[in-house]
Amino acid sequence: MTDLPTAGDSGWSDPDTLGAIPPVVAVTYCASCGRSANKGNHVLCRERLRVEPPVHCTTCRRELAIVRSGSQWSATCKKHGETSGTLEDA
Ligand SMILES: [Zn+2]
Ligand SMILES: [Zn+2]
């Protein structure tokens, strides 16, 4: 009886939003607001990222150079290279 659950796991998210969060553990910073991805609430950021390209590198928080063409975007971090994606129509 020593395997008590550990309380105070700071990585634990709000249960209300759990179903909407994909299990991406490599993201350190919010691509939208640039704050720590594990702190605060980024539900609105995630909504924004569906219709706007990211602003910050999720690994180093540098500002990304964005190139958009229609709904396609590519974002280049000086250190981590290029990522790309497609925006949803709002
Ligand atoms: Zn955010
Ligand atoms: Zn980077």
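Each value, and the rule that gives it
- Residues numbered from 1 in each chain as written.
- Chains lettered and ligands numbered in written order.
- Predicted model: local features only at pLDDT ≥ 70, side-chain atom pairs only at ≥ 80, totals over all residues.
- Heavy atoms only, no water.
- Helix = DSSP H or I, 4+ residues; strand = E, 2+ residues; numbered from the N terminus.
- Buried < 20%, exposed > 50% of the residue type's maximum accessible area, 1.4 Å probe, protein only.
- Contact = heavy atoms within 4.5 Å.
- Areas by Shrake-Rupley, 256 points an atom, 1.4 Å probe, with all protein chains shown as cover.
- Pairing = 2+ DSSP bridges.
- Axes fitted to C-alpha atoms, helices over the stretch in contact; angles between N-to-C directions.
- Salt bridge = Lys/Arg side-chain N within 4 Å of Asp/Glu carboxyl O.

Engineer: What am I meant to see in the overall build of the chain here?
Structural biologist: Helix and strand counts for the chain come out as one helix and three strands. In the chain, the succession of α and β elements from N to C terminus is α-β-β-β. Buried positions account for 20% of the 90 residues belonging to the chain. In the chain, the proportion of contacts linking residues at least 24 apart, taken out of those at least 6 apart, comes to 25%. Carbon and sulfur atoms form 52% of the exposed surface of the chain, whose accessible area is close to 7100 Å².

Engineer: Is there a simple way to explain the sheet that holds strand β1 (residues 65-69) in this structure?
Structural biologist: Across the sheet, which stays open at both edges, the three strands sit in the order β1-β2-β3 with antiparallel pairing between neighbours. Looking at which strands have only one partner, the edges of the open sheet turn out to be β1 and β3 (81-86). On average, each strand axis in the sheet is tilted by 20° relative to the strand beside it, whichever way the strands run. Sheet analysis places β1 next to strand β2 (residues 72-77), joined by five bridges and oriented antiparallel. Looking across to β2, one finds that serine 69 is bridged to glutamine 72.

Engineer: Help me understand the pairing of β2, please; the structure alone is not making it clear to me.
Structural biologist: Between β1 and β2, which follow one another and run antiparallel, lie two residues, and glycine 70 among them has a positive phi close to 65°. Here β2 runs beside β3; their pairing, made up of six bridges, is antiparallel. The residue bridging threonine 76 from the neighbouring strand is glutamate 82, located in β3.

Engineer: Looking at this structure, I do not really get the pattern of salt bridges. What am I missing?
Structural biologist: Any two side chains of opposite charge can pair if their charged atoms end up close together. A complete count under the given rule lists two salt bridges for this structure. For arginine 50, the salt bridge goes to glutamate 47, with nearest N and O atoms at 3.1 Å. Residue arginine 50 and its partner glutamate 47 are located together in helix α1 (residues 43-51), separated by three residues, close to a single helical turn. Relative accessible area serves as the criterion here: at 38%, arginine 50 is assigned to the partly exposed category. Between glutamate 88 and arginine 50 there is a salt bridge, and its shortest N-O distance comes to 3.1 Å. Linking glutamate 88 in the segment after β3 with arginine 50 in helix α1, this pair joins segments that are 38 residues apart in sequence. Residue classification places glutamate 88 among the partly exposed residues on the basis of a relative accessible area of 42%. Through salt bridges with shared partners, a single ionic network connects Glu47, Arg50 and Glu88.

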